[in-house]
Amino acid sequence: MLFSRATARQIRELIVAGRTVVKDGSVEGVDLPAIRHEVLSQMRSGIARKATLVSALSALDHAIARHYLLDSHCC
């Protein structure tokens, strides 16, 4: 009953196998700003190497937007 009804607001600490995983609303041992920085760096690096793909995705994005914005007839 506790696990199916509790919300994050009601959980102060979560201990799994004797190790604190969550404490005071934060995941222990995880540096979220560092992870975000690393993921964004890898994405930017990947995009720089795939300029043709980025160009194609941009064109596709515009085509999809035009389709849904200009052809918005309802039955």
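For the structure, see preceding data.
Definitions and cut-offs
- Residues numbered from 1 in each chain as written.
- Predicted model: local features only at pLDDT ≥ 70, side-chain atom pairs only at ≥ 80, totals over all residues.
- Heavy atoms only, no water.
- Helix = DSSP H or I, 4+ residues; strand = E, 2+ residues; numbered from the N terminus.
- Buried < 20%, exposed > 50% of the residue type's maximum accessible area, 1.4 Å probe, protein only.
- Areas by Shrake-Rupley, 256 points an atom, 1.4 Å probe, with all protein chains shown as cover.
- Pairing = 2+ DSSP bridges.
- Contact = heavy atoms within 4.5 Å.

(A) Broad picture of the overall build of the protein. The number of helices and strands found in the protein is 3 helices and 3 strands. Secondary structure elements of the protein, listed N to C terminal, follow the sequence α-β-β-β-α-α. Counting only residues that meet the buried cut, the protein has 0% of its 75 residues in that class. In the form shown here, the protein has an accessible surface area of approximately 7200 Å², with 61% of it arising from carbon and sulfur atoms.

(B) Representation of the sheet that holds strand 2 (residues 19-23). Taken in spatial order, the 3 strands of this open sheet run 1-2-3, and their pairing is antiparallel. Because the sheet does not close on itself, it has two edges, and the strands there are strand 1 (13-16) and strand 3 (26-27).

(C) Representation of unusual backbone geometry within the structure. Positive phi is not limited to glycine here, since Ala17 has a value of about 55°. Mapped onto the fold, Ala17 is located in the loop between strand 1 and strand 2. Of the residues examined, Ala17 reaches a relative accessible area of 84% and is grouped as exposed.

(D) The environment of Ile11, seen in detail. As for its placement among the helices and strands, Ile11 is situated in the loop between helix 1 (2-5) and strand 1. With relative accessibility at 40%, the residue Ile11 sits in the partly exposed group. Residues Ile11 and Lys23, spaced 12 residues apart in sequence, show a C-alpha to C-alpha distance of 8.4 Å.

(E) Region of interest: the environment of Leu14. Here Leu14 shows up in strand 1. Counting along the chain gives 13 residues from Leu14 to Val27, while the straight-line C-alpha distance between them is 9.3 Å. Residues in contact with Leu14, not counting those within four places in the same chain, are Arg19, Thr20, Val21 and Val22.

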